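Residues per chain are reported as follows:
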Amino acid sequence: MSILPMEVEDKPRNFVVGSLPTVMYIPDFITETEETQLLENVYKAPQSKWKSLKNRRLQNWGGIVHEKVPSWLTKITQRISEESGLFPSAINHVLINEYLPGQGIMPHQDGPAYFPVVAILSLGSPVVMDFTPHSSLRSCSSKPTISSEDANQDVGMWTDNHHPFSVALMPRGLLIFKDEAYSEYLHGIKDDAVHEINEEVVNEREALLGHGPDSGLEKAAPLEVMSSGDVKCIQRTKTRISLTCRVVLKVHKKLFKF
Ligand SMILES: O=C(O)CCC(=O)C(=O)O
Ligand SMILES: [Fe+2]
């Protein structure tokens, strides 16, 4: 079946979650077989490919001169690029992050080296990713010591309808965020072994059912999601691998200084 340009253009918009039009989540973007194959390839890489950081390990593929993204990754990145229609050229950089249960990533903004669209494919185990408006978007900048948790309680703190929100990243799901969500928000993953699926999680339904909003197919909640009373939680019991796919605009000899 051919995909008409109209459909290509409409596709990402169908997957918008929450109130920002620049955040999309596509459940089950890949099959379980593809997930297994990707995980096999990630762990087939030589040990020297892993860089250990304080709270996680990562592999860098591409983004520097003379290093192409390998074909086991381009199989997926080409599909992400084609189906989203959001990247200006072929995805030339994939960062693979490995998180053990209880590991996370500090709230941060992806750097200016990238075109402002990022696609994150999750494998293995689910987590919740939190988005927080950049501190410059606080209407009360005189309260710099407030913790992000306290800030989440106080909706009036943020200017121009900027509010903290979260996205549940289930295995095989694809998160895409761009433009405003890319440059006006920080994103991070808490280093806790349990992540609550609270009312700030914009894709709660898709995460719990494991299917897209219009699929009509309801499946039991994934095993890792537990309920205690009204509160649903992700119990992080397994390793999570994520593939962060971006376009490096100007390819240099080095991307990071480790
Ligand atoms: O692992 C993730 O889901 C996020 C990774 C990330 O934000 C990054 O590598 O910049
Ligand atoms: Fe990031």
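Here, every reference points to the structure presented above.
Just so it is clear, the model here is predicted, and its values are computed rather than measured. (Residues numbered from 1 in each chain as written. Chains lettered and ligands numbered in written order. Predicted model: local features only at pLDDT ≥ 70, side-chain atom pairs only at ≥ 80, totals over all residues. Heavy atoms only, no water.)

Draft legend 1. The arrangement of the site of ligand 1 in detail. Lining the immediate surroundings of ligand 1 are 14 residues, of which Y99, H108, H187, R240 and S242 lie closest. Within the side chain of Y99, a nitrogen or oxygen atom sits 2.6 Å from an oxygen atom of ligand 1. Between an oxygen atom of ligand 1 and a side-chain N or O atom of H108, the distance comes to 3.1 Å. Isolated, ligand 1 exposes 300 Å² of accessible area, and the fraction of that covered by the protein chains is 97%. Of all elements in the fold, only β4 (93–99), β5 (105–108), β10 (185–189) and β14 (240–246) reach the threshold of two or more residues within the shell around ligand 1. Looking at which element gives the most residues to the shell around ligand 1, the answer is β14, with four residues. Residue composition of the shell around ligand 1, grouped by class: six nonpolar, five polar and three charged. (Near = heavy atom within 4 Å. Polar contact = N/O pair within 3.5 Å; in protein donor to acceptor, adjacent residues only side chain to side chain. Areas by Shrake-Rupley, 256 points an atom, 1.4 Å probe, with all protein chains shown as cover. Helix = DSSP H or I, 4+ residues; strand = E, 2+ residues; numbered from the N terminus. Nonpolar A, V, L, I, M, F, W, Y, C, P; charged D, E, K, R; others polar.)

Draft legend 2. Structural context of the pattern of salt bridges. Within the structure shown, the criterion is met by ten salt bridges. A salt bridge links K178 to D179; its shortest N-O distance comes to 2.9 Å. Look at K178 and you get buried, because its relative accessible area is 18%. The class for D179 is partly exposed, based on a relative accessible area of 35%. (Salt bridge = Lys/Arg side-chain N within 4 Å of Asp/Glu carboxyl O. Buried < 20%, exposed > 50% of the residue type's maximum accessible area, 1.4 Å probe, protein only.)

Draft legend 3. Up close: the sheet that holds strand β7 (residues 127–133). Taken in spatial order, the four strands line up as β5-β10-β7-β8 in an open sheet, and their pairing is antiparallel. Each edge of the open sheet carries a strand with a single partner, namely β5 and β8 (165–169). Across the sheet, the mean angle from the axis of one strand to that of its neighbour is 20°, orientation sign disregarded. In this structure, β7 lies alongside β10, joined through four bridges in antiparallel fashion. Note that in β10 the partner of T132 across the bridge is L186. (Pairing = 2+ DSSP bridges. Axes fitted to C-alpha atoms, helices over the stretch in contact; angles between N-to-C directions.)

Draft legend 4. Highlighting the nonpolar core. One finds V23, F131, V167, L175 and F177 to be the most contacted residues of the largest nonpolar core, which totals 31 residues. Broken down by secondary-structure element, the contributors of at least two residues to this core are β1 (23–26), β6 (117–123), β7, β8, β9 (174–178), α5 (179–183), β10 and α6 (204–209). Leave out the neighbours within four places in its chain, and F131 touches P164, F165, V167, L175, F177, A181, Y185, L186 and H187. V94, V117, L123 and I241 belong to the second-largest nonpolar core, a separate cluster that totals 30 residues. (Core = buried A, V, L, I, M, F, W, Y, C linked by side-chain atoms within 4.5 Å. Contact = heavy atoms within 4.5 Å.)

Draft legend 5. Local environment of the sheet that holds strand β2 (residues 50–52). If you trace the seven strands from one edge of the open sheet to the other, you get β1-β9-β6-β14-β4-β3-β2, paired in antiparallel fashion. Of all the strands in the sheet, just β1 and β2 have a single pairing partner and so form its edges. Put simply, the sheet's adjacent strands are angled 20° from each other on average, direction ignored. The strands touched by helix α3 (residues 71–84) within the sheet are β3 (57–62), β4, β6, β9 and β14, with β4 carrying the most contacts at an inclination of about 110°.

Draft legend 6. Up close: the environment of R205. With respect to the helices and strands, the residue R205 is situated in helix α6. You can call R205 partly exposed: its relative accessible area is 42%.

Draft legend 7. Representation of the packing of aromatic side chains in the model. Applying the stated rule across the entire model yields six aromatic pairs. Ring plane angle 35° and centroid distance 5.9 Å describe the contact between Y43 and W50, whose orientation is recorded as tilted. In this structure Y43 comes out as partly exposed when scored by relative accessible area, which is 40%. In this structure W50 comes out as buried when scored by relative accessible area, which is 9%. On the basis of an interplanar angle of 65° and a centroid distance of 5.5 Å, the ring pair of F165 and Y185 is categorised as edge-to-face. Taken together, the positions of F165 in strand β8 and Y185 in strand β10 put the pair 20 residues apart, joining distant regions of the chain. Side by side, F165 and Y185 carry an identical accessibility label, which is buried. (Phe/Tyr/Trp six-rings, centres within 6.5 Å; stacked < 30°, edge-to-face > 60°.)

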